[in-house]
Amino acid sequence: MAVDESTVRYIAGLSRLAISNHEAVHYAASLSRILKLVEQMHAVDTRQVEPLAHPQDSPLTLRDDQVTETDHRDTFMALAPATEDGLYLVPKVIE
Amino acid sequence: MNNFSLHSLSTALHHKTVSAVELAQIFLARIEQFSRLNAFITVDSKFTLAQAQAADQLLQQTDSGPLTGIPLAHKDIFCSKGLLTSCGSKILSNFIAPYNATVVERLNNAGMVTLGKTNMDEFAMGSSNESSWYGPVHNPWNENCVPGGSSGGSAAAVAARLAPIATGTDTGGSIRQPAAFCGLTGIKPSYGRVSRYGMIAFASSLDQGGVLAQSARDAAMLLQTMSGHDPKDSTSVDRPVPDFMAQLEHSLAGKRIGLPKEFFGEGIDSDVAKTIEQAVAVLKSLGAIPVEISLTNSPLSIPCYYVIAPAEASSNLSRFDGVRYGHRAAQYHDLIEMYERSRSEGFGEEVKRRIMIGSYVLSSGYYDAYYIKAQKLRRLIADDFQQAFKACDVIVGPTTPSTAFQLNAKAGDPVAMYLNDIFTCSANLAGLPGISLPAGFDQKGMPIGLQLIGRYFDESSLLNMAHRYQQQTNWHQYFPKGYQF
């Protein structure tokens, strides 16, 4: 299926990507080509097939519910663009 | 001497013919001398020499191991504490990893010395190393050609002997394809063999860490230490790691090698086809028995892969939001705009494209037609392998349909680029181990890779077969001109 520019803008929004009009045209063309490639899948009848999400078709191993980590807050927060009093700063969300 | 095995380096270190510091200095000097390859993103000689000094101290004691003091390079996808870990992306171009990936930790604990972090396609999305924010890597065999990707920096570094060995990761062929393009032995183990903790995620159900080496024997040595259960990665499998080294010399007599007819059809370069036929003849002379098999659905592995991998990527890469680490845009008015601008400035074109494909195939109305459909095909592809392994022990074929291409030749055409992985990505979809080893050269003098695919968790058979092949041939000992020591 070919995607048009408005579809590109819609999925860019879902992806939290800012896309210029020029880029939307560009991506519409390449995404359409990729979807055309991907649609070769539809030639195969898979009605009786169970989906395979993961190569390990078994439940994940669980660990004991115990505290194993120590507090690394300062180390991790040192990487953040903006922090204050142990909190990550972002633009105001609620007026 | 241009080929020195890990074993010979280890012997030299233990006999004090060379110190770990001297060895590190030799390779650091080469990295600088051949910086035009752009194989490294980060080199921190202070960091390296401190590790080498510690290794020299260990070597004075009796508890040093076979890898103590041996230098290596890590793909810049593995978090290494105190070093920039960029994943080839602008969005992580200021990210100094606060912890070590398990792979890095294990190799550090073995006394290995990190020479630096190698260049790669951004977030491992690419087959040419051209999507890196740090610029393309050049192939030492022909500097106008790509080294392959996404582990292109690791491949170029080992091919030019800027490092004796390197780590890589493989989501759809990202170890095996660059190994083929650069004349190296590259192994992607079974999904779950090597911990993914601290290995920046691209597609979580496909990603697997592995090795780019000069020989199967070297690869076995490193993989031995990298492998094994890690409680920090719930998908790492709690199964004993076999002694890979002990099985290298096993006879190939009676081993059935499956030749999938889909891997020998049209679309393969004639030099590649001829070379793979010759390699099969060598394996036959070693006692292996060729059998014809079919992987009926493998031609659809690319369409299947380019739904599943982007879907998982779009989810994994949602964590890069400019809030807790990484690039944040300078200007924005509200939270959404901050996310959007930070991500748009931080991600390159190919990464954005894959995020958008992923969002599309997971979006309401398309989920069943694309994502579930691809998962169903994934089962058919995995089932094909199970059927095939009833008739054979190891699957043999080319790693790639052609040899390394020129820089910029495919950069503008994502679909052409994706088709590079046509023979490699089915092993990732099924979780199986695969190895690429040098099998000859085309008429332009570029290396050709032979691929072996094994049963789940049977890396031993691949390393064994590759090693026996390398005892019989010397393709793995060829060396690119102009890079002599």
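Residues numbered from 1 in each chain as written. Chains lettered and ligands numbered in written order. Predicted model: local features only at pLDDT ≥ 70, side-chain atom pairs only at ≥ 80, totals over all residues.

1. Some words on the overall build of chain A
Secondary structure summary: chain A contains three helices and two strands in total. Put simply, chain A runs from its N terminus to its C terminus through helices and strands in the order α-α-α-β-β. By principal-axis analysis of the C-alpha atoms, chain A measures approximately 55 × 45 × 25 Å. Buried residues in chain A amount to 18% of all 95 residues. (Helix = DSSP H or I, 4+ residues; strand = E, 2+ residues; numbered from the N terminus. Buried ≥ 20, exposed ≤ 12 C-beta atoms within 10 Å, placed from the backbone.)

2. With respect to the overall build of chain B
For chain B, the helix and strand inventory stands at 16 helices and 11 strands. At 21 Å, chain B has a C-alpha radius of gyration in line with the 23 Å of a compact globule built from 485 residues. When the backbone C-alpha atoms are referred to their principal axes, chain B occupies close to 65 × 55 × 45 Å. Each of the 485 residues in chain B was classed as buried or not, and the buried ones make up 62%. Here the contacts in chain B between residues at least 6 apart in sequence split such that 77% fall between residues at least 24 apart. (Rg over C-alpha atoms; globule rule 2.2 N^0.38 Å. Contact = placed C-beta atoms within 7 Å.)

3. Focus: the pairing of strand β8 (residues 289–293) of chain B
All names here are of chain B. Sheet topology places strand β7 (residues 256–260) next to β8; five bridges connect them, and they run parallel. Looking across to β8, one finds that G258 is bridged to V291. One crossover worth recording links β7 to the parallel β8 by way of helix α9 (residues 270–285), and it is right-handed. (Pairing = 2+ DSSP bridges. Right-handed = clockwise from strand over helix to strand, strands pointing away.)

4. Here's the deal with helix α11 (residues 335–346) of chain B
Look at α11(B): 16 Å from first C-alpha to last across 12 residues, which is about the 16 Å you get at 1.5 Å a residue. Those residues of α11(B) not exposed but buried are B:M338, B:Y339, B:E340, B:R341, B:S342, B:R343 and B:G346. (Expected span 1.5 Å × (residues − 1).)

5. Some thoughts on the interface of chain A and chain B
At the junction of the two partners, chain A supplies 39 residues and chain B supplies 54 residues. Those elements that provide at least two residues to the side of chain A that touches chain B are α1 (5–14), α2 (21–38) and α3 (73–77) of chain A. Here the side of chain A that touches chain B is composed, by residue class, of 26 nonpolar, nine polar and four charged. (Nonpolar A, V, L, I, M, F, W, Y, C, P; charged D, E, K, R; others polar.)

6. Considerations on the nonpolar core
Residues and elements named next belong to chain B. Counting 166 residues, the largest nonpolar core has L115, A157, V158, A163, C304 and V307 as its most contacted members. For this core, the element with the highest residue contribution is helix α10 (residues 301–316), accounting for nine residues. Setting aside anything within four residues of it in sequence, one finds A163 in contact with F27, P71, L72, A73, L115, A157 and V158. (Core = buried A, V, L, I, M, F, W, Y, C linked by C-beta atoms within 7 Å.)

7. Digging into the packing of α10(B) against helix α13 (residues 367–391) of chain B
All names here are of chain B. Their axes nearest at 9 Å, the elements α10 and α13 cross at an angle of 125°. When the axes of α10 and α13 are compared, the pair comes out oblique. In this structure, the crossing between α10 and α13 has a hand that is left-handed. Across the interface between the two elements, S301, C304, V307, I308 and A311 of α10 pack against Y370, Y371, A374, L377, R378 and I381 of α13. Grouping the amino acids of the contact of α10 with α13 by side-chain chemistry returns nine nonpolar, one polar and one charged. (Axes fitted to C-alpha atoms, helices over the stretch in contact; angles between N-to-C directions. Parallel < 35°, antiparallel > 145°, perpendicular 65-115°, else oblique. Left-handed = near helix turned anticlockwise from the far one by under 90°.)

8. Thoughts on the pairing of strand β9 (residues 394–398) of chain B
Residue and element names in this part refer to chain B. Of all five residues making up β9, five are buried, and the element is well covered by its neighbours. Two elements, β7 and β9, share two bridges in a ladder whose sense is parallel. Bridge pairing in β9 links I257 to V394. Note: β9 against strand β11 (residues 447–454), five bridges, orientation antiparallel. Residue V396 lies in a different strand from β11, and its bridge partner there is L452.

9. Quick look at the environment of A:L60
Within the secondary structure, A:L60 is located in the loop between α2 and α3. C-beta crowding within 10 Å serves as the criterion here: with 9 such atoms nearby, A:L60 is assigned to the exposed category. Excluding residues within four positions of it along the chain, A:L60 makes contact with B:S234 and B:T235.

10. Focus on the environment of A:A29
All names here are of chain A. You can see A29 is positioned in helix α2. Exposure remark for A29: the 13 C-beta atoms within 10 Å place this residue in the partly exposed category. Put simply, A29 and A53 are 24 residues apart on the chain and 29 Å apart in space, counted from C-alpha to C-alpha.

11. A look at unusual backbone geometry
Look at the link from B:G149 to B:S150: it is a cis peptide, with omega at 10°. Position of B:S150 among the secondary structure elements: in the loop between β3 (113–118) and α5 (152–159). The phi dihedral of A:D85 is positive, around 50°, even though this residue is not glycine. By the element assignment, A:D85 lies in the loop between β1 (83–84) and β2 (87–88). Phi angles above zero are rare outside glycine, and B:N38 is one such case at about 60°.

12. Topic: helix α3 (residues 45–60) of chain B
All names here are of chain B. Over its 16 residues, α3 extends 22 Å from the first C-alpha to the last, a length consistent with the 22 Å expected when each residue adds 1.5 Å. Along α3, the positions that sit buried rather than exposed are T48, Q51, A52, A55 and D56. The arc enclosing the buried residues of α3, seen along the axis, measures out at 145°, which places them on a common side. Exposed residues pointing more than 90 degrees away from the buried face of α3 are listed as K46 and Q60. Check the buried side of α3 and you find it contacts α2 (20–33) and β3. (Arc of directions from axis to C-beta.)

13. Thoughts on the environment of B:S151
Residue and element names in this part refer to chain B. Positionally, S151 belongs in the loop between β3 and α5. When the C-alpha atoms of S151 and A39 are compared, they prove to be 9.8 Å apart, with 112 residues separating the residues in sequence. Apart from the residues lying within four places of it in its own chain, the contact partners of S151 are K75, M120, G168, T169, S174, I175, P178 and L212.

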